[in-house]
Amino acid sequence: MTNTTDTSSTVTVAVVFRTVVNVRVPFFDTTLRDGEQCPGATMTHSEKLEIAELLDEMGVDIIEAGFPIASQGDFRAVAEIAERTKDAVVCGLARANLADIDRAWEALRGARRPRIHTFIGTSPSHRAIPNLTMDQMAERIHETVTHARNLCDNVQWSPMDATRTEWDYLKRVVEIAIRAGAGTINIPDTVGYTAPEESANLIRRLIAEVPGADEVIFATHCHDDLGMATANSLAAVAGGARQIECTINGLGERAGNTALEEVVMALKVRHDIMPWHTRIDTTRIMNISRRVAAASGFQVQFNKAIVGKNAFLHESGIHQDGVLKNVETFEIMRPEDIGLSVSNLVMGKHSGRAALRSKLRDLGYEVGDNQLQDVFVRFKALADRKKEVYDEDLVALMRADEDPRNDRLAVKSLRVVCGTEGPQTADLTMVIDGAETSTTQTGDGPVDATFNAVKTLFPHNARLQLYQVEAVTHGTDAQATVSVRLEADGLIATGQSADTDTVVASARAYVNALNNLLERRARSASNGDGPGISYMDVS
Ligand code: KIV
Ligand code: ZN
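Keep in mind that what you see is a predicted model, and the values were worked out from it rather than measured.

Cut-offs and rules
- Residues numbered from 1 in each chain as written.
- Chains lettered and ligands numbered in written order.
- Predicted model: local features only at pLDDT ≥ 70, side-chain atom pairs only at ≥ 80, totals over all residues.
- Heavy atoms only, no water.
- Salt bridge = Lys/Arg side-chain N within 4 Å of Asp/Glu carboxyl O.
- Buried < 20%, exposed > 50% of the residue type's maximum accessible area, 1.4 Å probe, protein only.
- Helix = DSSP H or I, 4+ residues; strand = E, 2+ residues; numbered from the N terminus.
- Core = buried A, V, L, I, M, F, W, Y, C linked by side-chain atoms within 4.5 Å.
- Contact = heavy atoms within 4.5 Å.

> What is the right way to read the pattern of salt bridges from this model?
Applying the stated criterion across every chain, the model contains 31 salt bridges. When the shortest N-O distance is used, the salt bridge between Arg164 and Asp161 registers 3.0 Å. Arg164 gets classed as partly exposed once you look at its relative accessible area, which sits at 36%. The salt bridge involving Arg205 is made with Glu209; its shortest N-O contact spans 3.2 Å. Of the two residues, Arg205 and Glu209 both sit in helix H9 (residues 196-209), four residues apart, roughly one turn of that helix. Arg205 gets classed as partly exposed once you look at its relative accessible area, which sits at 39%. Taken together, the shared-partner salt bridges in this structure form one network comprising Arg24, Asp61 and Arg279.

The following block contains the structure:
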């Protein structure tokens, strides 16, 4: 369903756009690089592979799979995604030095369609950090883009913080990168500083004034610090950009990146005034949004455009009345357009395996017979405790089934005493490295008592950075999804769990975060990786 504004000026604009720019705009997804670099959003190897596959299947044109020099884990993820991806171009990030570019190419060379993305900060404050003069930086850009181009036919170059770079210098370096062989010039609004009109003009003027600009693609890469990333990206397209960079759910550092789902749906719903096509299958949006939220540990805010829980709900009485009379009163798009079933009530305890398998398929999960049997047992247990099992409950159930590992720690049993008469107490039994061990601890509330019990059984120095509870569906028997983020020695890990008992979900989420932290620590010790790598260090 589209909503058209039938004023003559809009119609004129639409007609002009249609004849001049009725073309497809490729999507470049950087959930696995810019999104994942957000502190606490680190994903496991298998989660990265799964998300890359979903991105490819939904029609994303270019997948930025990671930053190969950053760690052995990043390298391995980029290399494996490069080998597995069927349609999309697979891209790896590299700073402006030869070692980064060589490492990126090593990871990408197995891809059907590889791309090296190299960048350097060109604004005054970014230039100051590597302490390069304008001429030295220009020389470095020439040298590194030429090197990348000698390795790979498809090279993208970005002047980081382009929107705060002096205009003459920006033009100069963009021209150098084009002459050195970059086929895509990405113009990042690194700190989310620009505004729509400026964003459009910047691209328009670069195309008009830089020699050779008509032979390359200009891309837009916006951050959402002022809440304008979607508007700025769409404006850049109006200015001539032909690649939109974004992440699922707008995942990313600080306020995040442009959200893929917002730009795609804006182009679909307002095709009358923004007539650019995409290859994105919008019905896959909800599924990938849920997977990214679960893998990153960053839950989507309820009122988030397109994928927030409330995006298609009509809570107020007036709205409900309007929707019942005519769905177009308050809805500009249909839930089905993004893959959200209208009635997502699934089944109760009498539903069989075939129905479960078919529902899981609708939700994007193909399960084999063994996995189905396992999920079915847990589905029945949940249906016994809960009258109605919804799509979200099944997604939470499937999450618990993913990524089977040899975790060092597991919750065996938990009993808590809580209420007005303290002290709140937790009796916890855990299995640690195969041995069962128990304790009873008190705390300031049942969750605090439970976390104290975990710390007693497995002493550690991790600090709790985030504890978040979200009801998976409505009703007092709803499952709660609990997210926990822990930090220790510069490493951050998240854990999640869902259960109808919030305290049980909290204990499991905490232990899951601890397992992830232990795994991360072991991995970074064996790889010799530090806790981070600076984008500004180009030595
Ligand atoms: O925001 C930014 O400038 C980036 C670059 C590395 C392209 O993500
Ligand atoms: Zn960015």
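> Just checking my understanding: could you explain the nonpolar core for this structure?
A general trend in soluble globular proteins is that nonpolar side chains are found buried together. Ranked by size, the top nonpolar core spans 91 residues in total, and within it Phe27, Met58, Trp157, Val174, Ile185, Ile187 and Phe218 carry the most contacts. For Met58, the residues in contact, after removing those within four places along its chain, are Ile248, Leu260, Arg279, Ile280, Asp281, Arg284, Ile285 and Ile288.

> Got a minute to help me understand unusual backbone geometry in this structure?
Leave glycine aside and you will find that most residues have negative phi; peptide bonds, for their part, are mostly trans. Cis rather than trans, the peptide bond between Gly422 and Pro423 has omega equal to -5 degrees. Among the secondary structure elements, Pro423 is positioned in the loop between strand E11 (409-417) and strand E12 (424-432). Phi at Asp433 takes a positive value of approximately 50 degrees, unusual for a residue other than glycine. By the element assignment, Asp433 lies in the loop between E12 and strand E13 (435-443).

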